[in-house]
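# Observations on the model geometry
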Amino acid sequence: MTLDQIRAAAQNRRPNIAVITAPCKGYSGLLGKEKAKSKRYEALNRLAERGVFLTLEAWKDDPPEFILFENVKGITTRGGRFLRNIRKLLAHYGYRWHEEHYDCGELGGLAQHRKRFLGVGRLEKKVPAFLYNPPKKRVRAIGEVLEQMPLPEPDSTEVRVRVKA
């Protein structure tokens, strides 16, 4: 993407918060170490750093107050060098960086545990106060979610198959 394309995607309005969710497969423990080191996945992994850079450059005259960077928790190990570069880049533009792992289930009261990485860049000149975490919620049982769904209509369970003769 070019800087103009990024600004156009934001309808030429400066965002207050930029959210970056770069490709994560190369950082995932589900991908073998050797395959993760391949040129293909290294190129995908570099998109994390590139996305942050383009975001910062697109609005360098009036940067967003926050840059949120979400990914798999494996980015802290397999993507350590990319995270170091992102930290340096954000610091150069005046951002304070904070990172942690969180559980989507506890954050949103969902019916599953899903551990993720979240990095937050806070532009200190615009937002001098700290950013606080929301309270954790109880991870619900799947039955609690399913019981809220409407039951199917009696005739909707029929499967009609038309066979050509």
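Above this text is the structure in question.
Reference entry: report on the structure contained in this document. (Residues numbered from 1 in each chain as written. Predicted model: local features only at pLDDT ≥ 70, side-chain atom pairs only at ≥ 80, totals over all residues. Heavy atoms only, no water.)

### Examining the layout of surface pockets
Empty space within the largest pocket amounts to approximately 530 Å³. Lining the largest pocket are 21 residues, and of these His98, Glu100, Leu118, Val120 and Asn133 lie nearest its centre. Breaking the lining of the largest pocket down by element, the ones donating at least two residues are β2 (66-71), β3 (95-103), α6 (104-108) and β4 (115-123). With 7 residues, β3 is the largest single contributor of residues to the lining of the largest pocket. Split into classes, the residues belonging to the lining of the largest pocket amount to 12 nonpolar, 3 polar and 6 charged. Within this model, the second largest pocket holds a volume of roughly 340 Å³. Along its surface, the second largest pocket is lined by 15 residues, and Met1, Ile6, Ile20, Gly51 and Thr55 are the ones closest to its centre. Those elements that provide at least two residues to the lining of the second largest pocket are α1 (3-9), β1 (17-20) and α3 (39-58). In terms of residues, the lining of the second largest pocket owes the most to one element, α3, which gives 5 residues. Along the lines of polarity and charge, the residues of the lining of the second largest pocket split into 11 nonpolar, 3 polar and 1 charged. (1 Å grid on protein atoms, 1.4 Å probe; cavity = no way out; pocket = protein on both sides within 12 Å on 5 of 7 lines; lining within 4 Å. Points joined across faces, edges and corners; volume = space filled by probe spheres on them. Helix = DSSP H or I, 4+ residues; strand = E, 2+ residues; numbered from the N terminus. Nonpolar A, V, L, I, M, F, W, Y, C, P; charged D, E, K, R; others polar.)

### With respect to the nonpolar core
Residues Val52, Leu56, Ile67, Phe69, Ile86, Leu90 and Trp97 are the most contacted members of the largest nonpolar core, which totals 20 residues. At the level of secondary structure, the elements contributing two or more residues to this core comprise β1, α3, β2, α5 (80-92), β3 and β4. Broken down by element, this core gets its largest block of residues, 5 residues, from α5. Look past the residues within four positions of Ile67 in its chain and what remains in contact with it is Ala18, Ile20, Thr55, Leu56, Leu90, Tyr95, Gly119, Val120 and Gly121. (Core = buried A, V, L, I, M, F, W, Y, C linked by side-chain atoms within 4.5 Å. Buried < 20%, exposed > 50% of the residue type's maximum accessible area, 1.4 Å probe, protein only. Contact = heavy atoms within 4.5 Å.)

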